[in-house]
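# Structural characterization, general
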Amino acid sequence: MEIQLSAQHYKNTMSYIAIYAVIGVMSGLIFDIMMTYLLLVSPDTANTIASYMGFSTFVASFIAIFAPKTGFKKIMMLAVVATASSLLLISSTQDKWLISFAVFLVMTGTG
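All figures in this text were calculated on a predicted structure; none of them were measured in a lab. (Residues numbered from 1 in each chain as written. Predicted model: local features only at pLDDT ≥ 70, side-chain atom pairs only at ≥ 80, totals over all residues. Heavy atoms only, no water.)

On to the overall build of the chain, then. What the chain contains, in helices and strands, is 6 helices and 0 strands. Listed by position from the N terminus, the elements making up the chain come as α-α-α-α-α-α. Taken over the C-alpha atoms alone, the chain extends approximately 55 × 25 × 20 Å along its principal axes. Within the chain, buried positions represent 32% of all 111 residues. Look at the contacts in the chain between residues 6 or more apart in sequence, and 71% of them connect residues 24 or more apart. Accessible surface for the chain amounts to roughly 7400 Å². Of this, 73% is attributable to carbon and sulfur atoms. Averaging the coordinates of the 5 positive side-chain charges in the chain and doing the same for the 4 negative ones gives two points 17 Å apart. (Helix = DSSP H or I, 4+ residues; strand = E, 2+ residues; numbered from the N terminus. Buried < 20%, exposed > 50% of the residue type's maximum accessible area, 1.4 Å probe, protein only. Contact = heavy atoms within 4.5 Å. Areas by Shrake-Rupley, 256 points an atom, 1.4 Å probe, with all protein chains shown as cover. Lys, Arg positive; Asp, Glu negative; His and termini not counted. Charge placed at Lys NZ, Arg CZ, Asp CG, Glu CD.)

Have a look at this one:
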């Protein structure tokens, strides 16, 4: 039995796979490279990363509640943009408050 996919369904599937792959790469960066960098730049943030992970998971699950109304693709695309821009912010600033906020956004975006 062969399944026929509409063009829109195929486009949605491909965009989901692409976005999910980018988020997977971003989460790999978080747990390897970003942690090492945070230990050098902001040790306090690196030492409390478990708190950031817990709170960001809570916020990400709250955001997922709105997926049926706003659309999963929009939320995923926003997560990719927020994660990428937060990683750039972390690497370009020395302000500990901005780094903490950016770490929270990165964790939420990949959660």
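The end-to-end C-alpha separation of helix α6 (residues 96-110) is 21 Å, in line with the 21 Å expected for 15 residues at 1.5 Å each. Of all the positions in α6, only Ile 99, Ser 100, Ala 102, Val 103, Phe 104, Val 106, Met 107, Thr 108, Gly 109 and Thr 110 are classed as buried. Among the structural elements, α1 (7-41), α2 (43-47), α3 (49-65) and α5 (72-92) are those in contact with the buried residues of α6. (Expected span 1.5 Å × (residues − 1).)

Moving on, we get to the packing of aromatic side chains. Counted under the stated rule, the structure contains 3 aromatic pairs. Measuring from ring centre to ring centre gives 5.6 Å for Tyr 16 and Tyr 20, while their planes differ by 20°; the resulting arrangement is stacked. One end of the pair is Tyr 16 and the other is Tyr 20, both in helix α1 and 4 residues apart, which spans about a single turn. In this structure Tyr 16 comes out as partly exposed when scored by relative accessible area, which is 38%. (Phe/Tyr/Trp six-rings, centres within 6.5 Å; stacked < 30°, edge-to-face > 60°.)

Bringing a nonpolar patch on the surface into the picture now. Residues Tyr 10, Met 14, Tyr 16, Ile 17, Tyr 20 and Phe 72 make up a contiguous nonpolar surface patch of roughly 630 Å² in combined accessible area. At 5 residues, α1 tops the list of elements feeding residues into the nonpolar patch. Since its relative accessible area comes to 46%, Ile 17 is described here as partly exposed. (Patch = residues over 30% accessible without salt bridge, like charges linked within 9 Å, V, L, I, M, F, W, Y side chains within 5 Å. Salt bridge = Lys/Arg side-chain N within 4 Å of Asp/Glu carboxyl O.)

Just geometry here; none of it tells us what the structure is for.
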